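Descriptive analysis of the structure
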Amino acid sequence: MEKGTQFRLSRSRAFWLGVPGLVFFLWAWVDSMKVETVALIEWRSSSMPDAVIHEAGCLKYCRLVYYGRIWWPQGLSVRRDKSMLTNASLLPQPGWQEAQWSGDVIITTPGWRLPHWLLVLAYGGLWTTLILWQWTLFRRTVRQEAPAG
């Protein structure tokens, strides 16, 4: 095989363009195990905000309803605190949770959980597919340029 006719991952644009995304997802996973980030988002059509919570290896979305006789604040606010979940699983399960009430106080809010391991796996799968597609195009080009004989 001639020089320059081998696919080198280190020279692949798809590889190098994907590295920052993977590093970000891995950093977010580690960060979520130490710090809880809560973003409350107010919509014009509703007096109740939604919340995006980044904690315990998950990205969570929940529709806040009523919490201990106090309405959540209006507007957009972001809060970062040390996570109180000290024994959180590194590989939490994805899923949907229903609201759970204890009298007139909500214990858990309705919403979904998207674990970071699933985000890393999905990103890695798409990234690998892109690299394999680039490798296939490279091989096809090399075959077409190869001299007959």
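Residues numbered from 1 in each chain as written. Predicted model: local features only at pLDDT ≥ 70, side-chain atom pairs only at ≥ 80, totals over all residues. Heavy atoms only, no water.

**Brief notes about helix H1 (residues 13-34)**
To keep things clear, this is the line we draw: In DSSP terms, a helix is any run of H or I states spanning at least four residues, a strand is any run of E spanning at least two, and both are numbered starting from the N terminus. One less than the number of residues in a helix, times 1.5 Å, gives the span that helix is expected to have. The angle between axes fitted to the seven residues ending at a residue and the seven residues starting there is what we call the bend at that residue. A 1.4 Å probe rolled over the protein chains alone gives each residue an accessible area, and that area as a share of the maximum for its type sets the label: buried under 20%, exposed over 50%, partly exposed in between. Under the rule applied, a polar contact is a pair of N or O atoms within 3.5 Å (in protein, one hydrogen donor and one hydrogen acceptor; residues adjacent in sequence only if both atoms are side-chain atoms).
For H1, built from 22 residues, the straight-helix expectation of 32 Å at 1.5 Å per residue is met to within 8% by its first-to-last C-alpha distance of 33 Å. Along H1, the helix axis deviates most sharply at valine 19, where the bend reaches about 30°; the proline proline 20 sits within four residues downstream. Taken together, the buried positions of H1 are Ala14, Phe15, Gly18, Gly21, Ala28, Trp29, Asp31 and Ser32. The backbone nitrogen of alanine 14 has a side-chain oxygen 3.3 Å away, supplied by the residue at the start of H1, namely serine 12.

**A look at the layout of surface pockets**
For the record, the criterion: Using a 1 Å grid laid over the protein atoms alone, points where a 1.4 Å probe fits but cannot get out form a cavity; open sets with protein on both sides within 12 Å along at least 5 of 7 lines form a pocket; any residue with an atom within 4 Å of a point counts as lining. Grid points are joined across faces, edges and corners, and a volume is the space filled by probe spheres set on the points. Note on residue categories: nonpolar means Ala, Val, Leu, Ile, Met, Phe, Trp, Tyr, Cys or Pro, charged means Asp, Glu, Lys or Arg, and polar means any other residue, Gly included.
Here the second largest pocket is characterised by a volume of approximately 270 Å³. What lines the second largest pocket is a set of ten residues, and nearest its centre among them are Gln6, Phe7, Arg8, Arg11 and Phe138. The element that contributes the greatest number of residues to the lining of the second largest pocket is helix H2 (residues 116-145), accounting for three residues. Split by residue class, the lining of the second largest pocket holds three nonpolar, four polar and three charged.

**Regarding unusual backbone geometry**
The phi dihedral of alanine 56 falls on the positive side, at around 55°, and the residue is not glycine. Within the fold, alanine 56 resides in the loop between strand E2 (50-55) and strand E3 (58-63).

**Some remarks on the confidence of the model for the protein chain**
What counts is decided by this rule: pLDDT is defined as a per-residue confidence score from the predictor, taking values between 0 and 100. In this description, contact between two residues means that some pair of their heavy atoms is separated by no more than 4.5 Å.
Mean pLDDT over the protein chain stands at 77; residues scoring 70 or higher make up 69%. Taking the mean pLDDT of every element in the protein chain, the minimum, 58, falls on strand E7 (residues 105-108) and the maximum, 92, on H1. Within the model, pLDDT remains below 50 along residues 67-73, and this stretch shows 13 contacts once partners closer than five positions in the same chain are excluded.

**What about the pairing of strand E8 (residues 111-115)?**
Rules: When DSSP finds at least two bridges between two strands, those strands are taken to pair.
Note: E3 against E8, five bridges, orientation antiparallel. Bridging from a neighbouring strand, cysteine 58 pairs with proline 115 of E8. As paired strands, strand E5 (residues 95-97) and E8 are joined by three bridges and run antiparallel to one another. Bridging from a neighbouring strand, glycine 95 pairs with arginine 113 of E8.

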